[in-house]
Amino acid sequence: MIGGVSLSELAARVGQTPFYAYDRRLLRERVRMLRHVLPKEMKLHFAMKANPMPAVLGLMVGLVDGVDVASAGELKLALDAGADPKEISFAGPGKQASELRQAVAARVLINVESFRELPLLASISSDLGMPARVAVRVNPDFEIKGSGMKMGGGPKQFGVDAEKVPEYLQAIKKYGLTFEGFHLFAGSQNLRAKALCEAQEKSYELALRLAQHAPSSIRSLNLGGGFGIPYFPGELPLDLEPISVNLARLQARAKQDFPEAVLVIELGRYLVGEAGIYVARIIDKKISRNHVYLVADGGLHHHLSASGNFGQVIRKNYPVTIGSKVNHAVTERVSVVGPLCTPLDLLADQMDLPKAESGDLVVVFQSGAYGASASPQGFLSHPHCIEVLV
Ligand SMILES: *Cc1c(COP(=O)(O)O)cnc(C)c1O
């Protein structure tokens with residue numbers, strides 16, 4: 001069942017495979033649960049690169065407080081979806097002049113991460129006669145432990161090295177940009193509450209130190225996110241209890257330290273990842289030297305993450321089942337492969353699955369984040385997949 005509809009009914013309704021299906025109820029529930037965990041003054045943003053499907057984005061815009069975009073294309077989608085420009089922030093290491101111009105014109109908050117952006121924003125701002133709202137994205141002087149993808153600490157293409165931030169703050173003042181605060185994002189896909197709390201704590205302390213150099217008071221302090229979801233055997237869901245306690249403590253401290261600031265947490269994967277499945281149909285069953293291959297009509301070109309080629313070091317299987325036979329007792333050890341002419345096109349490697357035949361539906365769980373939009377859909381010129389919100 002997804003969104004109260006059985007898989008076979010949904011497949012008939014969609015009319016073709018492969019497809020992604022996202023469950024509205026699970027998306028709503030996830031946000032409701034987080035609201036309960038986060039301090040009530042803290043804002044919850046959706047990092048939309050995790051799932052930019054317009055219907056999902058439209059739903060999320062109505063549930064969260066703001067949207068983080070990473071390109072002018074995402075900015076357009078967020079505005080189309082009805083996001084309040086005041087609550088949109090724009091980050092990314094290679095923002096083009098045209099994108100910065102669109103962002104200033106849209107009055108969104110721009111997370112500065114290169115010196116090049118400062119004079120550019122000043123000239124755009126004077127040209128348009130509109131203020132340029134900026135925050136400094138800080139590349140922290142610490143690393144987060146246990147993150148699947150580190151995006152801060154050491155040398156990075158993201159953000160401004162913490163030690164250079166005072167110089168940027170001076171320049172922001174000199175160029176007459178509207179300074180609003182700091183953005184810190186240490187890393188992604190972290191299942192260790194202790195490491196996340198430590199990163200939040202260190203981010204807060206760093207912001208406190210940097211704020212001494214700020215040209216005006218801090219109005220926005222984005223502490224990042226990085227909350228992970230379990231994908232592989234042995235992984236446990238993130239324990240939110242210590243995070244809840246930690247954020248409540250930081251929010252209380254902020255009342256003293258940053259009286260005008262709104263604290264923000266930005267999440268992508270954690271909001272949408274568990275609410276989506278990918279569905280492909282088995283078109284062939286081949287046996288090669290005692291090894292069973294289920295050949296599906298979808299694979300790596302739609303779901304790079306599940307193939308293990310998006311950030312995994314050692315390939316592990318995503319949770320996969322035969323959706324049309326979940327209650328079948330008989331299992332068979334199989335590999336589920338896609339139609340591409342590359343051995344990388346693998347959805348499940350040697351998994352024990354309900355015994356399947358051509359025509360059955362393969363389901364990949366935990367597929368709501370970094371799926372369709374994070375996959376090389378043009379590779380081998382097969383049809384693109386479709387996405388539905390149920
Ligand atoms: C990608 C990204 C996110 C979202 O990361 P998730 O692991 O999906 O939560 C948040 N903030 C920034 C700056 C990002 O680049």
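Asker: If you had to explain the site of the ligand to someone new, which residues and values would you point to?
Answerer: If you check the shell around the ligand, you find 13 residues, and the closest are K49, S188, E266, R269 and Y370. Between S188 and the ligand, the recorded distance is 2.5 Å, taken from a side-chain N or O atom to an oxygen atom. Interatomic distance of 2.6 Å between a side-chain N/O atom of E266 and a nitrogen atom of the ligand. Isolated, the ligand exposes 390 Å² of accessible area, and the fraction of that covered by the protein chains is 93%. Contributions of two or more residues to the shell around the ligand are made by β10 (187–190) and β12 (262–267). In the shell around the ligand, the residues fall into five nonpolar, four polar and four charged.

Asker: How would you summarise helix α1 (residues 7–14) if you had to cite specific residues and measurements?
Answerer: What α1 keeps buried is the set L7, L10, A11 and V14. Buried positions in α1, seen along its axis, are confined to an arc of 100° and lie on one side of it. Facing away from the buried side of α1 by over 90 degrees, the exposed positions are S8, E9, A12 and R13. Next to the buried residues of α1 lie β1 (19–22), β13 (276–288), β18 (361–364) and β19 (386–389). In the segment just after α1, G15 is the residue with positive phi, at about 90°.

Asker: Just give me the short version of the packing of helix α2 (residues 24–37) against helix α3 (residues 54–63), but keep the residues and values in it.
Answerer: Following both chains from N to C, one finds α2 and α3 inclined at 25°, their axes separated by 11 Å at the closest point. In terms of orientation, α2 and α3 fall into the roughly parallel class. The handedness of the crossing between α2 and α3 is right-handed. Contacts from R24, L27, R28, V31 and R35 of α2 reach α3 at V56, L59, M60 and L63. Looking at the contact of α2 with α3 residue by residue, the class counts come to six nonpolar, no polar and three charged.

Asker: So what's going on with the environment of V138? Which residues, and what values?
Answerer: Positionally, V138 belongs in strand β6 (residues 133–139). Residue classification places V138 among the buried positions, given a relative accessible area of 2%. V138 sits 27 residues away from N111 along the chain, and the two C-alpha atoms are 9.1 Å apart. In this structure, V138 is in contact with V160, A162, V165, F182, H183, L184, L206 and L210, ignoring residues within four places of it in sequence.

Asker: Let's hear about the pattern of salt bridges: which residues, and what values?
Answerer: Where charged atoms from two side chains of opposite charge come close, those side chains can pair. Per the stated rule, a full pass over the model turns up 26 salt bridges. Note that D23 is salt-bridged to R25, the shortest N-O span being 3.9 Å. A residue is classified by how much of its surface remains accessible, and D23, at 3% relative accessible area, is buried. Ionic pairing is found between E113 and K95, a salt bridge with its closest N-O pair at 3.5 Å.

Asker: Which residues make up the domain arrangement of the protein, and what values go with them?
Answerer: Taken domain by domain, the protein consists of domain 1 (52–267) and domain 2 (276–389). The C-alpha-based centres of domain 1 and domain 2 are spaced at 35 Å. Across the contact, 11 residues belong to domain 1 and 12 residues belong to domain 2. Together, the buried faces of domain 1 and domain 2 total about 980 Å²; carbon and sulfur atoms form 69% of this surface. Summed over the three residues of domain 1 that lose the most area to domain 2, namely M53, Y231 and F232, the buried surface amounts to 57% of that side. Our count for the domain 1 to domain 2 interface comes out at zero salt bridges. Counting across the interface, domain 1 meets domain 2 through one residue pair in polar contact (both at pLDDT 80 or more).

Definitions and limits used
- Throughout, residues of each chain are indexed from 1 in the direction in which the sequence is written.
- Reporting of local features is limited, given that this is a predicted model, to residues whose pLDDT is at least 70; pairs of side-chain atoms are given and counted only at 80 or more, and all residues count toward the totals for whole chains, interfaces and linings.
- With hydrogens and water set aside, each side-chain value is computed from the structure's full complement of heavy atoms.
- Each residue is tested against the molecule or strand, and it is near if at least one of its non-hydrogen atoms lies within 4 Å.
- Here a polar contact is recorded for every N or O atom pair within 3.5 Å, except that within protein the pair must consist of a potential hydrogen donor and a potential acceptor, and residues adjacent in sequence are included only if both atoms are side-chain atoms.
- Only the protein chains shown count as covering a residue, and every accessible area follows the Shrake-Rupley method with a 1.4 Å probe.
- In this description a helix means any DSSP run of H or I spanning at least four residues, a strand means any run of E spanning at least two, and both kinds are numbered starting from the N terminus.
- Three classes are used: nonpolar for Ala, Val, Leu, Ile, Met, Phe, Trp, Tyr, Cys and Pro, charged for Asp, Glu, Lys and Arg, and polar for all others, with Gly counted as polar.
- Any residue under 20% of the maximum accessible area for its type is buried, any over 50% is exposed, and the rest in between are partly exposed; the area is computed with a 1.4 Å probe on protein chains only.
- To obtain the arc, one takes the directions from the helix axis to the C-beta atoms.
- Every residue pair with non-hydrogen atoms within 4.5 Å of one another is taken to be in contact.
- Only the stretch in contact is used when a helix axis is fitted, and all axes are lines through C-alpha atoms; the angle between N-to-C directions ranges over 0 to 180 degrees.
- Working rule for angles: under 35 degrees goes down as roughly parallel, over 145 as roughly antiparallel, 65 to 115 as roughly perpendicular, anything else as oblique.
- Crossing handedness follows the turn of the near helix against the far one: under a right angle anticlockwise gives a left-handed crossing, and clockwise gives a right-handed one.
- Here, a salt bridge means any side-chain nitrogen of Lys or Arg that lies within 4 Å of a carboxyl oxygen of Asp or Glu.
- An automatic or database domain assignment supplies the residue ranges for each domain.
- Accessible surface is computed with a 1.4 Å probe, and the buried area is the amount of it that two parts give up when combined, taken over both parts together.

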